[in-house]
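Take a look at the letters that make up each chain.
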Amino acid sequence: MALAGLRFDLSPEEVPTSWYNILPDLPEQVPPPLDPETGEPVSPEKLARIFSVELLKQEVSTERYIEIPASVREALVKYARRPTPLFRARKLEEYLGTPAEIYFKYEGITPTGSHKINTALAQVYYNKLEGVERLVTETGAGQWGSALAAAGAYYGVKVRVYMTRSSYIQKPYRRTLMELFGAEVYPSPSDKTSVGRRFLEEDPEHPGSLGIAISEAIEDVLSDEKAKYSLGSVLNHVLLHQTVIGLEAEKQFNEAGVYPDVFIGSVGGGSNFAGFTYPFIGRMLRGGEKARFIAVEPRASPSMTRGSYTYDYADSGRLTPMLKMHTVGHQYRVPPIHAGGLRYHGVAPTLSILLNHGIVEPVAYHQTEVFQAAHIFAKTEGIVVAPETAHAVKAAIDEALRAKEEGRRIVIAFNLSGHGLLDLQGYRDYLDGRLEDYEPSSLPVQES
Ligand SMILES: *Cc1c(COP(=O)(O)O)cnc(C)c1O
């Protein structure tokens, strides 16, 4: 086959000039976040204490396209190294003996190794414009923390990160990376906040969760007027910033002369999935090309496949407004799987609506089968993917094998959200046969 069919690149000028906002194209409106104290939609003033004002505007905007500020677009090229390539996984196709074509968008080439820098740069930019001196956040695997730390270094804004304790222990190099960029990093639950101390009392070895780390970050922000909070997933504005992935991919599929039948992404809170698929889902919702969209999660944290669609807190300490989303409950203690970035109890409200309407299909896998898929990918394509991304790889392989059984020449596309070169402990455990598969027998009952 021609070499040209293996890789699709764009020039820097082809980085999108606007983000795509799915809100005006959704089949129903996103229910507003609720103030847990009053049960009413939360007031913008209250949220402005925690978030940048401009980001709050984007959160509720119903404009289909929102212009990317020149400074952010420049940073996406100069610092995040966009546009990212689209590749065809030819060796994987041959290995599987499938008639399907498999493509992947490679977000692993960014300096911190994942898609998270796409929103980090935008969030730091707006906060800096508004005079914020310090951003506080949570991180699971350390991908979001390192992206925000890198963006903070770019724009000269301080960053403090609460890192889930299980990752802090399993992924010491992520902490090193964050500290290299100048960020402060604490294991969560920590003794720095009252929420953290409460969970530590319950269990001094508590593995932590994204929900707990979010509570700690918010408590920290509320004690410092010059600080604001930054979230790496779930919220509309975060998903919005990630659409540069899908908007670039749209041009690249055009160049390749294909339109995928199936789009696949892993889901923690939903940002890389949305960033990759929403521009294509939007086309379908506006009457354009039809496709399947598969969202992949761990069976240990099954918010899409076993959660309920209800109002729930975004954090375990119940400091945040309540979001209507698919959730296994903010009290759910997520097992310490290696895909730290997927250890979250809920998913984005917009993704929840798409799930309700059957537009997005959810699937869940155990971590052993996910690592097996990542192993096949590493041996055939040479890229060691992040354990989060490995969930998408597993689904792509399953779809390709189904296409083989049915003899169908379909086109499969997945988002390779990040590389796993700082996740080798997980691969060590996999090779040594030390991975545990967790299946929650029951999920916490929702409080109302
Ligand atoms: C954080 C992360 C995810 C999961 O988060 P989403 O917001 O759902 O994208 C997936 N893959 C990688 C590499 C990550 O860093």
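Here the structure is a predicted model, which is why all the values come from computation and not from measurement.

What to know about the sheet that holds strand β9 (residues 227–229)
Okay, so step 1: Strand order in this open sheet of 4 strands is β8-β7-β6-β9, and the pairing throughout is parallel. Single-partner strands in this sheet number two, and they are β8 (184–188) and β9. Neighbour-to-neighbour, the strand axes of this sheet turn through a mean angle of 25 degrees, independent of strand direction.
Okay, so step 2: Where helix α10 (residues 210–222) meets the sheet, its contacts fall on β6 (134–139), β7 (158–164), β8 and β9, and the angle it forms with β6 comes to roughly 165 degrees.

Some points on the site of the ligand
Okay, so step 1: Surrounding the ligand, one finds 19 residues, the nearest of these being Lys116, Ser233, Gly268, Ser271 and Ser417.
Okay, so step 2: Note that an oxygen atom of the ligand is positioned 2.6 Å from one of the side-chain N or O atoms of Lys116.
Okay, so step 3: In the model, an oxygen atom of the ligand is placed 3.1 Å from a nitrogen or oxygen of the Gly269 main chain.
Okay, so step 4: Listed by contribution, the elements that provide at least two residues to the shell around the ligand are α13 (271–285) and α17 (387–406).
Okay, so step 5: Partitioned by chemical class, the residues of the shell around the ligand number 3 nonpolar, 14 polar and 2 charged.

Examining the packing of helix α2 (residues 53–60) against helix α5 (residues 117–129)
Okay, so step 1: Where α2 contacts α5, the axes come no closer than 8 Å and their chain directions differ by 130 degrees. Judged on the interaxial angle alone, α5 and α2 are oblique. Mapping the contact onto sequence places Glu54, Leu55 and Gln58 in α2 and Gln123, Tyr126 and Asn127 in α5.
Okay, so step 2: Taken together, the residues of the contact of α2 with α5 break down into 2 nonpolar, 3 polar and 1 charged.

Comments concerning the packing of aromatic side chains
Aromatic ring pairs: the centre-centre distance and the angle between the two ring planes describe each pair.
Okay, so step 1: Inspection of every chain in the model, using the stated rule, returns 25 aromatic pairs.
Okay, so step 2: Ring geometry for Phe253 against Phe263: centres 6.2 Å apart, planes inclined by 85 degrees, an arrangement best described as edge-to-face. Of this pair, Phe253 sits in helix α12 (residues 244–256) while Phe263 sits in strand β10 (residues 262–266), and the two are 10 residues apart along the sequence. Considered together, Phe253 and Phe263 belong to a single accessibility category, that of buried residues.
Okay, so step 3: Clustering of aromatic rings is evident, with ring pairs tying together Phe8, Tyr103, Phe253, Tyr259, Phe263, Phe276, Phe280 and Phe293.
Okay, so step 4: One cation-aromatic arrangement involves Lys192 over Tyr186; the distance from NZ or CZ to the ring centre is 4.9 Å.

Some thoughts on the sheet that holds β10
Okay, so step 1: The sheet built from 7 strands is open, its strands ordered β1-β4-β5-β15-β10-β11-β14 with mixed pairing. Pairing within the sheet leaves two strands with one partner each, and these edge strands are β1 (7–8) and β14 (361–365).
Okay, so step 2: One ladder, built from 3 bridges, connects strand β4 (residues 86–88) with strand β5 (residues 101–106); its direction is antiparallel. Its bridge partner lying in β5, Phe87 is registered against Phe104.

Considerations on the environment of Glu361
Okay, so step 1: Locating Glu361 in the fold gives a position in strand β14.
Okay, so step 2: Assessed through its relative accessible area of 29%, Glu361 is described here as partly exposed.
Okay, so step 3: Each C-alpha atom, one on Glu361 and one on Met304, is 9.1 Å from the other, the two residues being 57 residues apart in sequence.
Okay, so step 4: With residues near it in sequence (within four places) discarded, Glu361 still touches Arg292, Phe293, Ile294 and Ala295.

Thresholds, definitions, all that
Here the residue numbering is sequential within each chain, running from 1 through the sequence in written order. This being a predicted model, a pLDDT of at least 70 is required before a residue's local features are given, and a value of 80 or more before pairs of side-chain atoms are given or counted; all residues contribute to the totals for chains, interfaces and linings. Heavy atoms throughout the structure, all of them, feed into the side-chain values; hydrogens and water do not. Strands are labelled as partners when DSSP assigns at least two bridges between them. Only DSSP runs of H or I covering at least 4 residues are called helices, and only runs of E covering at least 2 are called strands; the numbering of each starts at the N terminus. Interaxial angle, 0 to 180 degrees, is taken between N-to-C directions of lines fitted to C-alpha atoms, where a helix line uses only the stretch in contact. Should any heavy atoms of two residues lie within 4.5 Å, those residues are counted as being in contact. By convention in these notes, a residue is near a molecule or strand provided one of its non-hydrogen atoms lies within 4 Å of it. Polar contact is defined as a pair of N or O atoms within 3.5 Å, subject to the rule that within protein one atom must be able to donate a hydrogen and the other to accept it, and that residues adjacent in sequence are counted only when both atoms are side-chain atoms. Residues are grouped as follows: Ala, Val, Leu, Ile, Met, Phe, Trp, Tyr, Cys and Pro are nonpolar; Asp, Glu, Lys and Arg are charged; all remaining types, including Gly, are polar. An angle below 35 degrees is read as roughly parallel, one above 145 as roughly antiparallel, one from 65 to 115 as roughly perpendicular, and any other as oblique. Pairing of aromatic rings covers Phe, Tyr and Trp, the last through its six-membered ring, and needs centres within 6.5 Å; plane angles under 30 degrees mean stacked, over 60 mean edge-to-face, and all others mean tilted. Only protein chains enter the accessibility calculation, which uses a 1.4 Å probe; a residue whose area is less than 20% of its type maximum is buried, one above 50% is exposed, and one in between is partly exposed. By the criterion adopted, a ring carries a charge over it if an Arg CZ or a Lys NZ lies within 6 Å of its centre and within 35 degrees of its normal.

So far we have only geometry, and geometry alone does not tell us how the molecule works.
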